[in-house]
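# A structural walkthrough
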Amino acid sequence: MGVPDRGAGGYDGPTAIPDESGAPESSVPQTFWNEERVSLLEALRRRSELFADLYGRAIDALSEDPPVTHGAFVVAAHCIRDLVNALPDVLDDVDALPARSDTSTPAQLLVQEWQVHQDVVGPLEQVIPVPSAVDGEAAPRMTVPVSIVEAARRVASATHAGSMNARRRHSALVLGRVETREDATVKLFRDSLRDIERVRHPGRGREVDMDDLRTKFPRALQVVEGVLQSRLTNFFETVDDLSDLLDAANEREDGAVDI
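Here the structure is a predicted model, which is why all the values come from computation and not from measurement.

## With respect to the nonpolar core
- One finds Tyr55 and Phe217 to be the most contacted residues of the largest nonpolar core, which totals 45 residues.
- Elements with a contribution of two residues or more to this core: helix H1 (35-47), helix H2 (49-62), helix H3 (70-91), helix H6 (146-175), helix H7 (184-197) and helix H8 (210-233).
- Among the elements that make up this core, the one with the highest residue count is H3 (12 residues).
- The residues contacting Tyr55, other than those within four sequence positions of it, are Trp33, Arg37, Leu40, Leu41, Leu44, Ile80, Leu83 and Glu225.

As structure tokens, this is what we get:
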């Protein structure tokens, strides 16, 4: 399928595939696009042209002639991640929605503190030997400046807050409320999103099984799309829809679709 003309207004939807006479057969080509995805695209467009553009580019990438390449999955994964992470703010229907935690600033401050006191703790590039603890004895210790300990605490605190805030934002997106307790549907969504996010950075020493990727990625995407479709188009039926989605996910091995 060809790349649609997005123009100044953003993504215009999937391009129709012409028949032999040159006339379009349908507005939904026989690719990874289908009626449900076109419906989701339109629902996203009513909220944000940018998010519709991101989703459209993700599905376009997966609509190339089979077998879908590794690079196409990378493009789709980036688009879906950015869409999902920002959508709770655009929906704007959940009170006390936590912001995403900044972990880079505390990490930079820790580096600065370490460099200031490297005459005590050693240079950053030098590995600190960690002796094995003997049963019944206290763990090995070393004396470090308090400022380094505080900087390390801020990194740990920001990282923990980031994990908890991400969980709360996911629950806001899936359930329409901030939920701190474990929820089976939110966990399914989070695990599926994690499977998608893993694809974003190729070549980091990980071997990629393309057959496995072509099977698992569509499954994970289907869960994410089910959440988006429910939240954007029929909010009051969300719980029932997602319960059906959870049941289907438990049996999805039988319905795997390779792309």
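## Things to note about the confidence of the model for the protein
- When the pLDDT values of the protein are averaged, the result is 81; 78% of them are 70 or greater.
- Considering only residues more than four positions removed or in separate chains, one finds that residues 1-9, a stretch of pLDDT under 50, has 24 contacts.
- The low-confidence segment residues 15-30, where pLDDT is below 50, has 26 contacts with residues more than four positions distant or belonging to other chains.

## What to know about the packing of aromatic side chains
- Counting across every chain of the model gives two aromatic pairs.
- Judged by centre distance (6.2 Å) and plane angle (85°), the ring pair of Trp33 and Tyr55 falls under edge-to-face. Note that Trp33 is positioned in the segment before H1 and Tyr55 in helix H2, a separation of 22 residues in sequence. No difference in accessibility class separates Trp33 from Tyr55, as the two residues are buried.
- Relative to Phe217, the ring of Phe73 has its centre 5.1 Å away and its plane inclined at 55°; by these criteria the two rings are tilted. Here Phe73 is found in helix H3, whereas its partner Phe217 is found in helix H8, with 144 residues between them in sequence.

## Quick look at the environment of Gly71
- By the element assignment, Gly71 lies in helix H3.
- Put simply, Gly71 and Val199 are 128 residues apart on the chain and 9.4 Å apart in space, counted from C-alpha to C-alpha.

How each quantity is defined
- Residues numbered from 1 in each chain as written.
- Predicted model: local features only at pLDDT ≥ 70, side-chain atom pairs only at ≥ 80, totals over all residues.
- Heavy atoms only, no water.
- Core = buried A, V, L, I, M, F, W, Y, C linked by side-chain atoms within 4.5 Å.
- Buried < 20%, exposed > 50% of the residue type's maximum accessible area, 1.4 Å probe, protein only.
- Helix = DSSP H or I, 4+ residues; strand = E, 2+ residues; numbered from the N terminus.
- Contact = heavy atoms within 4.5 Å.
- pLDDT = per-residue confidence, 0-100.
- Phe/Tyr/Trp six-rings, centres within 6.5 Å; stacked < 30°, edge-to-face > 60°.

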